[in-house]
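What follows is the residue order along each chain.
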Amino acid sequence: MTSKLLQTLGVLATERGKSLMNRILTLILALNCASQVAAQEGGVRELSIESQGGTANLHQKSGVLTGHVVVRLKDAMYTADTAVVSTDKDDYATIQLQSSSPERRVKAQWTAKDGSNYASESRMAIYDESTGILRMQGECLVTVQSKRRRSEIRGESIVYDRRTEEVEINTNPGGEPRGRARIVVFDKGGKQGKDE
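Residues numbered from 1 in each chain as written. Predicted model: local features only at pLDDT ≥ 70, side-chain atom pairs only at ≥ 80, totals over all residues. Heavy atoms only, no water.

> How would you summarise the overall build of the chain if you had to cite specific residues and measurements?
Check the secondary structure of the chain and you find two helices and 13 strands. In the chain, which comprises 196 residues, the proportion classed as buried is 30%. A fraction of 39% describes how many contacts in the chain between residues 6 or more apart in sequence connect residues 24 or more apart. (Helix = DSSP H or I, 4+ residues; strand = E, 2+ residues; numbered from the N terminus. Buried < 20%, exposed > 50% of the residue type's maximum accessible area, 1.4 Å probe, protein only. Contact = heavy atoms within 4.5 Å.)

Right, here's the structure in full:
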């Protein structure tokens, strides 16, 4: 444990006059501080989750979160109506995200190794931290913005490997073709350069 955490826990234990809520908030801040210090020292990675509600099983290291869920993991941010988050024996996270209606979308944002910014939208998505694979389904759109161009990738199902930066596009992963996969690349001036 870090010295900052021990100091904060010591202060927490001696402040009997404060309300229980203030003591809980102080403990949460202390744990957050310890997590940030450990991440800076090369320890645990950064994982934060916000939602309007949910349940958690601390023994199984999993939780179901509901109501405008925001998950931040390393350099990526995921938003959805519902998320199921679990960790394996090696503490790698698996995040299952889902929207509550066709109008609402699961969204993700991350930065690739080359500095390109990615943004995706779909009806549901699963990210497996141990493999670096993001699987999206339901009217998927991935937008890539680099210094020189912007690209759009559309399909019914998209699998993106964050480690190799490879993309697999399917028009209907369940069988009969529903449409066509589409990739559009715009040059720096915004002109459409390629449509496949």
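> How would you summarise the pattern of salt bridges if you had to cite specific residues and measurements?
Using the criterion set out here, one finds nine salt bridges in the structure. Note that Arg123 is salt-bridged to Glu139, the shortest N-O span being 2.8 Å. Within this pair, whereas Arg123 is found in the loop between strand E7 (117-122) and strand E8 (124-128), its partner Glu139 is found in strand E9 (residues 133-145), the two being separated by 16 residues in sequence. Judged by relative accessible area, which is 31%, Arg123 ranks as partly exposed. For Glu139, a relative accessible area of 41% corresponds to the partly exposed category. Here Glu152 makes a salt bridge to Arg154, at a shortest N to O gap of 3.8 Å. (Salt bridge = Lys/Arg side-chain N within 4 Å of Asp/Glu carboxyl O.)

> How would you explain the environment of Trp110 if you had to name every residue and give the values?
Tracing the backbone shows Trp110 in strand E6 (residues 106-111). A C-alpha to C-alpha distance of 9.6 Å links Trp110 and Leu73, two positions 37 residues apart in sequence.

> So what's going on with the nonpolar core? Which residues, and what values?
Counting 27 residues, the largest nonpolar core has Tyr78, Leu97, Leu134 and Met136 as the members making the most contacts within it. At the level of elements, strand E3 (62-73), strand E4 (76-87), strand E5 (93-98), E6, E8, E9 and strand E10 (150-161) are the ones that each hand at least two residues to this core. Ignoring anything within four residues of it in the chain, the contact list for Tyr78 reads Val69, Val70, Val71, Ile95, Leu97, Lys107, Ala108, Tyr127, Leu134 and Arg162. (Core = buried A, V, L, I, M, F, W, Y, C linked by side-chain atoms within 4.5 Å.)

> Now, about the environment of Ser51: what can you tell me, with residues and values included?
Position of Ser51 among the secondary structure elements: in the loop between strand E1 (47-50) and strand E2 (53-57). A C-alpha to C-alpha distance of 9.2 Å links Ser51 and Ala83, two positions 32 residues apart in sequence. In this structure, Ser51 is in contact with Leu65, Thr66, Gly67, His68 and Val69, ignoring residues within four places of it in sequence. At 2.8 Å, the side chain of Ser51 forms a polar contact with the backbone oxygen of Gly53. (Polar contact = N/O pair within 3.5 Å; in protein donor to acceptor, adjacent residues only side chain to side chain.)

> Which residues make up the packing of aromatic side chains, and what are the values?
Scanning the entire structure with this criterion turns up four aromatic pairs. Aromatic side chains Tyr78 and Tyr127 sit 5.6 Å apart centroid to centroid with 25 degrees between the ring planes, which places their arrangement in the stacked category. Of this pair, Tyr78 sits in strand E4 while Tyr127 sits in strand E8, placing them 49 residues apart in sequence. We classify Tyr127 as buried; its relative accessible area is 7%. Centre to centre, the rings of Tyr118 and Tyr160 are 5.0 Å apart; their planes meet at 40 degrees, and the pair counts as tilted. Placement of the pair is Tyr118 in strand E7 and Tyr160 in strand E10, with a sequence separation of 42 residues. (Phe/Tyr/Trp six-rings, centres within 6.5 Å; stacked < 30°, edge-to-face > 60°.)

> Break down the pairing of E9 for me, citing the residues and quoting the values.
Pairing of E7 with E9, which is carried by five bridges, proceeds in the antiparallel orientation. Among the inter-strand pairings, Ala119 is bridged to a residue of E9, identified as Thr143. As judged from the five bridges shared by E8 and E9, these two strands associate in the antiparallel manner. Its bridge partner being in E9, Ile126 is matched across the sheet by Arg135. (Pairing = 2+ DSSP bridges.)

> Could you give an account of the side chain of Arg105, with specific residues and numbers?
Residue placement: Arg105 occurs in the loop between E5 and E6. Reaching out from Arg105, the side chain makes a polar contact with the backbone oxygen of Glu139 at a distance of 2.3 Å. Apart from the residues lying within four places of it in its own chain, the contact partners of Arg105 are Thr79, Ser99, Glu121, Ser122, Arg123, Gly138, Glu139 and Cys140.

> Residues and numbers for the pairing of E6, please.
With burial as the criterion, only one face of E6 is covered, namely that bearing Val106, Ala108 and Trp110; the residues Lys107, Gln109 and Thr111 on the opposite face remain uncovered. Sheet topology note: the E4/E6 ladder contains three bridges and is antiparallel. Residue pairing across strands places Met77 opposite Gln109, the latter belonging to E6. Joining the antiparallel neighbours E6 and E7 is a turn of five residues, in which Gly115 adopts a positive phi near 90 degrees.

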